[in-house]
Amino acid sequence: MTALRKNREFTADKPRDTAARSPRLPRYTSYPTALQFGPLAGQDHVAWLRALPADEPVSLYFHIPFCDQLCWFCGCYTHIANQYDPVSRYLETLLAELALTSSLTGRKKVSHIHFGGGSPTILEAGDFERLMNAVREAYEILPEAEIAVEVDPRTLSREKVAAYGRSGVNRVSMGIQDFDDKVQKTINRIQTAGLIEDCLRWFRTAGIEDINFDLIYGLPNQTQETIRETVLQTVFYRPSRIALFGYAHVPWMKKHQAMISAETLPGQIQRQAMFDQARKTLVDCGYQAIGLDHFALPGDSLIEALDDGLLRRNFQGYTADKADTLIGFGASAISSLPGGYAQNSTDMRVYRQSIEAGESPVVRGVAVSPQDILVRQLISDLMCYQQVDPEARLRESGLSYDFTREFRALADLTRAGYMDRKDSMYRITEAGRPYLRAICSVFDNYLPANFEENPDILYRCLHESEG
Ligand SMILES: C[S@@+](CC[C@H](N)C(=O)[O-])C[C@H]1O[C@@H](n2cnc3c(N)ncnc32)[C@H](O)[C@@H]1O
Ligand code: SF4
């Protein structure tokens, strides 16, 4: 048994002013979360890659940080490309990074590939195929692998979709956000239903059947009525999976979001009502709610993973991917390795120069301890299954850990009616559902300072309903 000390320190580079201005708790797509990332030496990243278990399949993530036009709500890491040259140049660096990384990992089996952004659809058809061919040369893509692309419908074409089909892409996530004209205008993202229908036809022709829709609630000028219409229109197209993200308005971090006036944003109560209504409509229409913000139809791999106890959380949200290792490629991409999290430089020039010098482009990250891995499992149990049995997970881990603080908070949540308890299992009740991430934060040993100073779990719930 290993006795471990709980680490309640903050890393030096934590953006304190951001934490002060944004009381939001993390969405727990990782643990420790990105708030804990600090400087990480390239050689640590290299050592972690070299130490990957030989026969275990891995997942790959490729970040394409370019878009044609800036959406005012965007919280992603991207650049506006007025010409194709920077994209071409970036692709060359990405290919070089792939060669560099595979020389360290060897030719591993791959169970899952995800192209995210920005907008991967900005890549021309031939360039996407070139990248996929390079991946096939560097790694062994398993026959059952999922190959997914995030799609901006406005930059898609029949040729690009045909190239995806030839390259083995079998899932696409379409950035829909909202179908309402007025909302689309306020977020600087006009895309007609006709365009979405063209894309769906192209996917069908290319044999791509697994379609996700990304929707956002809490956008400017959205009302209960517009959200209802957007959800009904979505249901009409019957995507197999839907992500319904809460709009994150952080204009102090994403300057362009200042184009959205705060007065046009729905308040917390309205946001919650929008989410609840959308959830009810989707469930009534045959979708199963999954975790914080996902919905899927029976037969979708997310439902199968949920039923098999294999649902997990990753940087894209929820996933059926079984691999323990995710290798990220591209500027700002994060790798999740057994040794820890490692993030490539977000500075395009630094990223390119590192690769050209044959060096790791990683600049930030955090090593994970056995204690972090235990807590990650507990948070994942809550995020994916809305229940947690800390003692059972502790026994499985073989660690020793003092849960006094956590049990006190769980008892408070139980008294408030947000959780119920059967033996050593705690379950989130219907009344506790809006407080999912606050409930997860019970186990978080690195809480943002504003919550650290106010450790009462019910205070955290009050300030952190999912709306
Ligand atoms: C990289 S984008 C998807 C691909 C493509 N760039 C697009 O927008 O169609 C990933 C998704 O993140 C979500 N997103 C972006 N900014 C957000 C924000 N500030 N708050 C909540 N969700 C956001 C959107 O739903 C978006 O579809
Ligand atoms: S939401 Fe998507 S298309 Fe819009 S700017 Fe962000 S990454 Fe680009």
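Please read all numbers here as calculations on a predicted model, not as lab measurements. (Residues numbered from 1 in each chain as written. Chains lettered and ligands numbered in written order. Predicted model: local features only at pLDDT ≥ 70, side-chain atom pairs only at ≥ 80, totals over all residues. Heavy atoms only, no water.)

Quick word on helix α2 (residues 42-50)
The test is simple: Relative accessibility thresholds used throughout: buried, under 20% of the residue-type maximum; exposed, over 50%; partly exposed, between the two (1.4 Å probe, protein chains only). Each helix corresponds to a stretch of at least 4 residues labelled H or I by DSSP, and each strand to a stretch of at least 2 residues labelled E; elements are numbered beginning at the N terminus. Picture the helix axis, draw a direction to every C-beta atom, and the arc is the one those directions span. Contacts between residues were defined by any pair of non-hydrogen atoms, one from each residue, lying within 4.5 Å.
Among the residues of α2, those classed as buried are H45, W48 and L49. Around the axis of α2, the buried residues are gathered within 100 degrees of arc, so they sit on the same side. With respect to the buried face of α2, the exposed residues turned more than 90 degrees away are Q43 and R50. Close packing links the buried residues of α2 with α3 (85-105), β15 (326-329), β16 (334-337), β17 (340-344) and β18 (362-367).

Observations regarding the site of ligand 2
Selection criterion: When at least one non-hydrogen atom of a residue lies within 4 Å of a molecule or strand, that residue is treated as near it. Note on residue categories: nonpolar means Ala, Val, Leu, Ile, Met, Phe, Trp, Tyr, Cys or Pro, charged means Asp, Glu, Lys or Arg, and polar means any other residue, Gly included.
Inspection of the region around ligand 2 gives C67, Q69, L70, C71, F73, C74, G118, S119, D152, R154 and R189 as its neighbouring residues. When grouped by side-chain class, the residues that make up the shell around ligand 2 number five nonpolar, three polar and three charged.

Here's the deal with the sheet that holds strand β21 (residues 419-422)
As a reminder of what qualifies: Two strands qualify as a pair provided DSSP detects at least 2 bridges between them. Under this scheme, a helix contributes an axis fitted over its contacting stretch, all axes are lines through C-alpha atoms, and angles between N-to-C directions fall in the 0 to 180 degree range.
Reading across from one edge, β19-β22-β21 is the order of the three strands in this open sheet, with antiparallel pairing throughout. At either margin of the open sheet sits one strand with a lone partner, and together these are β19 (387-388) and β21. Bridging between β19 and strand β22 (residues 425-428) involves two bridges; their strand directions are antiparallel. Bridge pairing in β22 places V388 opposite Y426. Running at roughly 110 degrees to β21, helix α14 (residues 404-415) makes contact with β21 and β22 of the sheet.

Focus: the site of ligand 1
Filter applied, for reference: Each accessible area value is a Shrake-Rupley result obtained with a 1.4 Å probe; residue values ignore everything except the protein chains displayed when judging cover.
Contacts to ligand 1 come from 20 residues, most closely from F73, G118, Q177, R189 and D214. When the free accessible area of ligand 1 is taken as 560 Å², the share hidden by the protein chains comes to 89%. Listed by contribution, the elements that provide at least two residues to the shell around ligand 1 are β7 (140-151), β8 (171-177), β9 (210-217) and β10 (241-246). Per-class residue counts for the shell around ligand 1 are eight nonpolar, eight polar and four charged.

A short note on unusual backbone geometry
In this structure, the amide linkage connecting Y31 to the following residue, P32, adopts the cis form with an omega of -5 degrees. In this structure, P32 sits in the loop between α1 (16-21) and β2 (38-39). In this structure, the amide linkage connecting G117 to the following residue, G118, adopts the cis form with an omega of 25 degrees. By secondary structure assignment, the location of G118 is in the loop between β6 (109-117) and α4 (125-138). Within the chain, Y28 stands out as a residue other than glycine whose phi angle is a positive 50 degrees. For Y28, the position within the fold is in the loop between α1 and β2. Of note in the backbone geometry, Q177 takes a positive phi value of approximately 70 degrees without being a glycine. Structurally, the position occupied by Q177 is in strand β8.

Some thoughts on the pairing of β9
Just so we agree on the cut-off: Here a crossover is taken to be right-handed if, once the strands point away from the viewer, the path from the first strand over the helix to the second is traced clockwise.
Burial analysis of β9 places seven of its eight residues in the buried class, the great majority of the element. Of the pairings in the sheet, the one linking β8 to β9 comprises six bridges and is parallel in character. Within the sheet, the bridge partner assigned to R171 lies in β9 and is D210. Pairing of β9 with β10 involves six bridges; the strand directions are parallel. In the strand pairing of β10, Y217 is matched with G246. Tracing the backbone out of β9, into helix α8 (residues 224-237) and back to the parallel element β10 gives a crossover that is right-handed.

Section: the pattern of salt bridges
Condition: Salt bridges are defined by distance alone: a side-chain nitrogen of Lys or Arg within 4 Å of a carboxyl oxygen of Asp or Glu.
Tallied over the full model, the rule gives 19 salt bridges. With a shortest N-O distance of 2.9 Å, R166 and E129 are connected by a salt bridge. Here R166 is found in helix α5 (residues 158-167), whereas its partner E129 is found in helix α4, with 37 residues between them in sequence. Judged by relative accessible area, which is 56%, R166 ranks as exposed. Residues R352 and E356 are paired through a salt bridge, measuring 4.0 Å at the closest nitrogen-oxygen approach.

Considerations on the side chain of Q277
Operational definition: For the purposes of these results, a polar contact is taken to be a pair of N or O atoms within 3.5 Å, where, inside protein, one atom must be able to donate a hydrogen and its partner to accept one; residues adjacent in sequence count only when each atom of the pair is a side-chain atom.
Along the polypeptide, Q277 turns up in helix α9 (residues 268-284). Here Q224 takes part through its backbone oxygen, which lies 2.9 Å from a polar atom of the side chain of Q277. Non-local contacts of Q277, meaning those with residues more than four positions away in its chain, are made with Q224, I227 and R228.

Quick look at the domain arrangement of the chain
Our working definition: Each domain's limits were defined by an automated method or a database of domain assignments. Once two parts are joined, some of their accessible surface, as seen by a 1.4 Å probe, is lost; buried area is that loss totalled over both.
Entries for the chain in the domain assignment read domain 1 (1-28 + 369-467) and domain 2 (33-329). Measuring from the centre of the C-alpha atoms in domain 1 to the corresponding centre in domain 2 gives 27 Å. Taking both sides of the interface into account, the surface hidden between domain 1 and domain 2 amounts to around 2300 Å²; carbon and sulfur atoms contribute 53%. Run the count over domain 1 and domain 2 and you get two salt bridges. For D276, the salt bridge identified is with R433, shortest N-O distance 3.6 Å.

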